[in-house]
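# Structural features, examined
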Number of protein chains: 2
Amino acid sequence: MVSIKEVARVAGVSTATVSRYINDPKQVKQPTREKVQQAIAETNYAPNSLARNFRRGKTGVILVALPSIGTPFFADVMKGISTIAKDMHYSILIKETQLNQLTYDEYTNLVLSKQADGIILLSAIIPFATGGRQRPSSQRQAPIILSCENVTPELGRYPSVRIDNTSAAAEATDYLIKLGHSRIAFVFGLQSSTLTLDRERGYRKAMKAAKLAVADGWVTEGGLTLDGARKATRLLLSHAERPTAIFCANDEMAMAAIHEIKSANLQIPRDISIIGFDDIRYAELLDPPLTTISQPAAEIGERTMLRLSQAIDGRDIGVEPEIVPHKLVIRRSTASPAKRQ
Amino acid sequence: MVSIKEVARVAGVSTATVSRYINDPKQVKQPTREKVQQAIAETNYAPNSLARNFRRGKTGVILVALPSIGTPFFADVMKGISTIAKDMHYSILIKETQLNQLTYDEYTNLVLSKQADGIILLSAIIPFATGGRQRPSSQRQAPIILSCENVTPELGRYPSVRIDNTSAAAEATDYLIKLGHSRIAFVFGLQSSTLTLDRERGYRKAMKAAKLAVADGWVTEGGLTLDGARKATRLLLSHAERPTAIFCANDEMAMAAIHEIKSANLQIPRDISIIGFDDIRYAELLDPPLTTISQPAAEIGERTMLRLSQAIDGRDIGVEPEIVPHKLVIRRSTASPAKRQ
DNA sequence: TTGATGGGTGTAAACAATTACATCGTAGCA
DNA sequence: TGCTACGATGTAATTGTTTACACCCATCAA
């Protein structure tokens, strides 16, 4: 392992000069610069990032925690994160949380132990450590920001960048109501995800505002997975009061729902309307193309990363959520219910 | 920043003892252990990974380079990688190569400069640095392994874990031929990706073996994107000798093709058969469910990571590709061509 | 001429952990 | 009792880089 010392020896200068050359060649005079350049080439020197980061006390890493890589919507958010991260010379470390979500303290600890300079959560936080009833401690606050997700109030407030999930869901539900639907079902994701709880809240709010009843079994868990959503849909189809419209908390579940409905020889939207959430890139390729709520995924990612970098630089970014606009995208999976009631 | 030194002071022991306690408590006698434990709690000490990694000369990081996160197939490979990586206490650093692919030397340099202990490439390598005709240098070999991808022979041979893309593509094409198709088109991905070139080779081999002609324009670029594939499909549909079957180099492009074909009021498989590649999780939800080549994505990821870790540990893993089995999955997007010729 | 200024460079002290080696004490054994 | 062996702990070197500070020299103003 050839070090800066060896380069300095070969070039006949001090290590400080070599270091300066590497970090900003302008600090070194032309003739010296050439000597160093030459020596680096000769020795095949490569700067040791480990040593540099150690000395600087910065990892240059942003950790992104998400339930599962390969969710099309999150992938788009990640794109936004990457774009900005690259500009700021941060690398992206991925942590799939899957089933084992971490507590806020555990995330904080990753920063304290210098595994990352900051953390973006696309995943929910669990309130307490398994077993204990350990409250979020008042440890030194680490740069952590939530993207898309929200957090339950009892955990305290943390900065976030997201859409207003409740309003968006209410808007989607309203649209179905305006089309004339009254039997509207809702397939949510996971209980642990406040994001889908917010959406459920919006759905219920809209139903209530329209004085529409939500029958038992109309609100059901799809688990954010294809299989879960298929099962949920089958349940809804066999419901005594079969809904005329289904609102899925994300587009992938809507995809699964469409498949199940067709398999049952029902037509969309004639027999059942479907509305999704996220407007992933496959949404418009579905048959029929999916009506859904569009989120500016890349923008969310970019804003999140930007705000996080401010926090890392020591600026106070507060805890107010930064709300970005959503949009109802009307395609052909929704229509007025058939008249035969 | 509280360090091991402070803990040692508080506990009334030496730094060596604290270090030993952290790395393997069994090395420390019970009474001492308790003192250290106590001191750590008291001082709120968190080990500094930066210092540890620096001292050990290991980053604990595996870099995974891939064209674009959010490709469902790659996401599944990544799952396999993650699983093993977690077991081995490696973190996963993501590098989206997108349009700017790197040379082999550039990847090697990431290891030499201690940004990662090893690299997995799900992305192609470009032969030469932009501008120069710099050949892959004989620099010290870094632990780099290709997953899924292959590499053009002139770049030399590197270890890889993948299916036999050529055979798999030939098999898919054969299946269409056996169904009675003779006008078979092929939508490939990117020119730079040897992976899709291999598949094209398989397609051509099968066509040739069956003495079938490949008309001009039947082999066309979809660019691995939805939009690219839609455009490619439209081109094929308006071709003077319209194919009766289209083989897409991946399932996402097949998804786009299905959409376009339906938009043109043609039926699948009655008017046109479609076959994909990868068997992503959406394949069976499509309408009609997609016939495709299934790859053991997670297994590929696992094997890759396993083999890479051996290379990191200094073992010689050779350059022989590790070939895993693929499988033709027949669903309903393929059928014999309609008799009206 | 003298003193101040500042650019270019060198010296050496951090940074926080790991670990080779030394030391100490105790147990085991003859 | 005296010796060995070994387990537990301490001392201090080491890792590669950055950077505060010192130094030198040339330039320029007074």
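So, a few notes on the structure that sits alongside this text. Numbers given to residues run from 1 along each chain, matching the order in which its sequence is written. Chain letters and ligand numbers both follow the written order, the letters beginning at A and the numbers at 1. It should be noted that, the model being predicted, local features are given only for residues of pLDDT at least 70 and side-chain atom pairs only at 80 or more, the latter also being counted only at that level, while totals for whole chains, interfaces and linings use all residues. Excluding hydrogens and water, the side-chain figures rest on all heavy atoms present in the structure.

Any Lys or Arg side-chain nitrogen found within 4 Å of a carboxyl oxygen on Asp or Glu counts as a salt bridge. Scanning all chains against the criterion turns up 34 salt bridges over all chains. In this structure, Lys-26 of chain A and Asp-24 of chain A form a salt bridge, with 3.4 Å as the shortest nitrogen-oxygen distance. One salt bridge connects Glu-284 of chain B with Arg-230 of chain A, and the closest N-O pair in it is separated by 3.7 Å. One end of the pair, Glu-284 of chain B, is in the loop between strand S9 (273-278) and strand S10 (291-294); the other, Arg-230 of chain A, is in helix H9 (residues 226-237), on a second chain. One connected set of salt bridges, linked through shared partners, spans Arg-230, Arg-234 and Glu-260 of chain A together with Glu-284 of chain B. Going along the chain from the N terminus, every DSSP run of H or I of four or more residues is numbered as a helix, and every run of E of two or more is numbered as a strand.

In a beta sheet, neighbouring strands are held together by backbone hydrogen bonds and run either parallel or antiparallel to one another. All names here are of chain B. Pairing between strands is defined by DSSP: at least two bridges between the two strands are required. Taken in spatial order, the six strands make up an open sheet running S7-S6-S8-S9-S10-S12, and their pairing is mixed. Only two strands of the sheet have a single partner each, and these edge strands are strand S7 (219-221) and strand S12 (327-329). Across the sheet, the mean angle from the axis of one strand to that of its neighbour is 20°, orientation sign disregarded. Bridging between S10 and S12 involves three bridges; their strand directions are antiparallel. Axes here mean lines fitted to C-alpha atoms, for a helix over just the part in contact, with angles spanning 0 to 180 degrees between N-to-C directions.

Another point: the side chain of Asp-251 of chain A. Residue and element names in this part refer to chain A. Mapped onto the fold, Asp-251 is located in helix H10 (residues 251-263). Summary of the burial criterion: residues with accessible area below 20% of their type's maximum are buried, those above 50% are exposed, and those between are partly exposed, where the area comes from a 1.4 Å probe applied to protein chains only. Two residue types count as positive, namely Lys and Arg, and two as negative, namely Asp and Glu; His and chain ends fall outside the count. Among buried Asp, Glu, Lys and Arg side chains, Asp-251 stands out as unpaired, with Arg-331 the closest opposite charge at 6.2 Å. Nitrogen and oxygen atoms within 3.5 Å of one another constitute a polar contact, given that in protein one can donate a hydrogen and the other can accept it, and given that sequence-neighbouring residues count only through two side-chain atoms. At a separation of 2.7 Å, a polar atom in the side chain of Asp-251 contacts the side chain of Thr-292. Note on contacts: a residue pair qualifies if any of its non-hydrogen atoms lie within 4.5 Å across the two residues. When sequence neighbours within four positions are dropped, the list of residues in contact with Asp-251 reads Gly-276, Phe-277, Asp-278, Asp-279, Ile-280, Ala-283, Leu-290 and Thr-292.

As paired strands, strand S1 (residues 61-66) of chain A and strand S2 (residues 91-96) of chain A are joined by six bridges and run parallel to one another. Residue pairing in the sheet places Ile-62 of chain A in a bridge with Ile-92 of chain A of S2 of chain A. Between the parallel pair S1 of chain A and S2 of chain A, the chain is carried across by helix H5 (residues 72-87) of chain A, and the sense of this crossover is right-handed. Bridge analysis of S2 of chain A against strand S2 (residues 91-96) of chain B gives three bridges, and the strand direction is antiparallel. Within S2 of chain B, the residue paired with Ile-92 of chain A across the bridge is Ile-94 of chain B. Looking down the strands as they point away from the viewer, one classifies a crossover as right-handed if the path from the first strand across the helix to the second runs clockwise.

Taken together, 25 residues are adjacent to DNA strand C, and Thr-17 and Thr-32 of chain A together with Ile-4, Ser-19 and Arg-55 of chain B come closest. Being near a molecule or strand, for a residue, means having at least one of its heavy atoms within 4 Å of it. Across the atoms of DNA strand C situated within 4 Å of the protein, the share located in sugar and phosphate is 61%. In this structure, Arg-20 of chain A approaches DNA strand C through a side-chain N or O atom, which is 2.9 Å from a base nitrogen. One of the side-chain N or O atoms of Tyr-45 of chain B is found 2.8 Å from a phosphate oxygen in DNA strand C. For the surface near DNA strand C, the elements supplying multiple residues, two or more each, are helix H2 (15-23) and helix H4 (49-56) of chain A together with helix H2 (15-23) and helix H4 (49-56) of chain B. Under the convention adopted here, Pro, Cys and the residues Ala, Val, Leu, Ile, Met, Phe, Trp and Tyr are nonpolar, Asp, Glu, Lys and Arg are charged, and Gly plus all remaining residues are polar. Of the residues that constitute the surface near DNA strand C, the class distribution is 10 nonpolar, nine polar and six charged.

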